[in-house]
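So the chains spell out like this:
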Amino acid sequence: MHALKVFFKLCSLNFKQLLIYRASFVITFVLMLLWVTAYVILVNVIFLHTKTLAGFGRGEVLLIMAFYYLLQNLSEIFYKDSFENFGDKLRRGLLDFELVRPAPSRLLI
């Protein structure tokens, strides 16, 4: 249970850090949207020349792709940066400070 609390705390810290720089968040979101659009166009071009791909139809491939990118993008938004620096914070003794410090007042406004 404690590990789950730490996980959610790291997710919330990363999300707050992302929202501090709103322009970066918007640019990241737009770039993710452009990549997904490019992949959908690619899948449609592939299915113009074939009916199935490894036994899957166009709708099934798009559904698998949507599920994959949903999970990938949610992981990048919520916990990628926090987990990339997790070992370094733990080694330097900064993890306790990250978990118990209050949020900055500018962020709460």
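Note: the structure precedes this text.
Calculation criteria
- Residues numbered from 1 in each chain as written.
- Predicted model: local features only at pLDDT ≥ 70, side-chain atom pairs only at ≥ 80, totals over all residues.
- Heavy atoms only, no water.
- Helix = DSSP H or I, 4+ residues; strand = E, 2+ residues; numbered from the N terminus.
- Buried < 20%, exposed > 50% of the residue type's maximum accessible area, 1.4 Å probe, protein only.
- Contact = heavy atoms within 4.5 Å.
- Areas by Shrake-Rupley, 256 points an atom, 1.4 Å probe, with all protein chains shown as cover.
- Expected span 1.5 Å × (residues − 1).
- Arc of directions from axis to C-beta.

1. Topic: the overall build of the protein
Looking only at helices and strands, the protein features seven helices and zero strands. Reading the secondary structure of the protein in the N-to-C direction produces α-α-α-α-α-α-α. Within the protein, the proportion of its 109 residues that are buried is 17%. By sequence separation, contacts in the protein at least 24 residues apart represent 65% of the contacts at least 6 residues apart. For the protein, the accessible area works out to roughly 8700 Å², and carbon and sulfur atoms hold 69% of it.

2. Concerning helix H1 (residues 2-20)
Here H1 contains 19 residues, and its C-alpha end-to-end distance of 27 Å stays within 8% of the 27 Å for a straight helix at 1.5 Å per residue. Inspection of H1 places Val6, Leu10, Cys11, Leu13, Asn14 and Leu18 among the buried residues, and these make up the whole buried set. An end-on view of H1 places all buried positions within 165° of arc, on one side of the element. For H1, exposure combined with an orientation more than 90 degrees from the buried face picks out His2 and Lys5.

3. Side note on helix H2 (residues 22-49)
With 28 residues, H2 should cover 40 Å at 1.5 Å per step; its first-to-last C-alpha distance of 42 Å lies within 8% of that length. Listing the buried residues of H2 in full gives Met32, Val43 and Phe47.

Purely geometric stuff here, so don't read any function into it on its own.
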